[in-house]
Amino acid sequence: MFKGVYPAIITPFKNGEVDFEGLEDHLNFLIENGVSGVVAVGTTGESPTLSHEEHKKVIEKVVDIANGKIQVIAGAGSNCTREAVELSIFAEDVGADAILSITPYYNKPTQEGLKKHFEKIAQSVNIPIVLYNVPSRTALNLEPKTVKVLSEEYSNISAVKEANPNLSQVSELIQNGITVLSGNDELTLPIMSLGGKGVVSVVANIVPREFVEMVDSALKGDFEKAREIHYKLFPLMKAMFIETNPIPVKTALNMMGRPAGELRLPLCEMSSEHKQVLEKILKDLGLI
Ligand SMILES: O=C(O)C1=N[C@H](C(=O)O)C[C@H](O)C1
């Protein structure tokens, strides 16, 4: 079901509002450059600062523009189970191919609580659910044993977007038959060497075609070619986190003349020092 590059698409803003024209332009750019699909309203899409109405409208618009040409994984997570269920049902109803469901953040449930949370979601939709584990943002780790129990009970839970850099944990997930998508651009190649199937990517918003070539090379077993691209793009991948994502990726896209637009507070404009670092990397890659 999941293989390749899935940019976590940015949400363009103009004059404080969602720029749906810019969203369509950027999504078509990604489609034209060979991505397998996109994640709509993930972290990179600034989900925390979209209203529920905007969140739903962006998912609906992305599904509409994609029009079956690529997969749409709808960001539908929450630290409130009831809210996550409601959003997941909405995403399925408007035609999303799958949902990305982050582990609850801030309220730090136990593994038993995580299991019950995702059980409720799996019981509410039929489309596939990609569990999203990102300890650096949620302050908890979704353990492989919890994923194993869920995947054995629910056929629509079979994939994890893994942003925990612990590669032993990645091996355990894959050994248990779980499809793993990297949740960290820099770890994509190492994870694919273990059997991962691709990535939910930030940097692919900027260089989709090259990142697709890297992942496709790894999927074909051509790790020499994949490594070559990995190291070419490594400075840009690192720069995506020189400040909190998506500040760098939107800054880079604006530098490239692409319609990324503003950030919503509390995310704000990148420091001029970091802008200079990013600008040099983009120039070195011939992107500006
Ligand atoms: O938008 C997402 O979802 C992503 N979140 C990660 C993060 O910013 O913590 C990075 C990931 O590649 C995309």
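This is a predicted model, so every value here is computed, not measured.

Caption draft 1: Here's a closer look at the packing of helix α11 (residues 247-255) against helix α12 (residues 272-284). Between α11 and α12, whose axes approach to 10 Å, the crossing angle comes to 55°. Taken together, the axes of α11 and α12 are oblique relative to one another. Between α11 and α12 lies a crossing whose hand is right-handed. Along the contact surface, α11 presents P248, T251, A252 and M255, while α12 presents K275, L278, E279 and L282.

Caption draft 2: How the structure looks around the UniProt feature "active site" (unreviewed entry) in the chain. Sites flagged by UniProt as "active site" (unreviewed entry) map to Y132 and K161. With the annotated positions falling across 30 residues, the maximum pairwise C-alpha distance of 4.7 Å places them together in a single cluster. Using a relative accessible area of 6% as the deciding quantity, one classes Y132 as buried. Discounting chain neighbours no more than four positions away, the residues touching Y132 are T43, L100, S101, I102, T103, K161 and A163. Apart from the residues within four sequence positions on either side, K161 is in contact with L100, V130, L131, Y132, N133, L181, S182, G183 and V200.

Caption draft 3: Structural view of the nonpolar core. Core analysis: the biggest nonpolar cluster contains 84 residues, and L131, I206, F211, L236 and M240 have the highest contact counts within it. When near neighbours in sequence (up to four residues on either side) are disregarded, M240 contacts V202, V203, I206, N245, P248, V249, A252 and L278. Residues F2, V39, I73 and Y132 belong to the second largest nonpolar core, which totals 15 residues.

Rules and cut-offs
- Residues numbered from 1 in each chain as written.
- Predicted model: local features only at pLDDT ≥ 70, side-chain atom pairs only at ≥ 80, totals over all residues.
- Heavy atoms only, no water.
- Axes fitted to C-alpha atoms, helices over the stretch in contact; angles between N-to-C directions.
- Helix = DSSP H or I, 4+ residues; strand = E, 2+ residues; numbered from the N terminus.
- Parallel < 35°, antiparallel > 145°, perpendicular 65-115°, else oblique.
- Left-handed = near helix turned anticlockwise from the far one by under 90°.
- Contact = heavy atoms within 4.5 Å.
- UniProt positions renumbered as here; feature names shortened; annotations may be inferred.
- Buried < 20%, exposed > 50% of the residue type's maximum accessible area, 1.4 Å probe, protein only.
- Core = buried A, V, L, I, M, F, W, Y, C linked by side-chain atoms within 4.5 Å.

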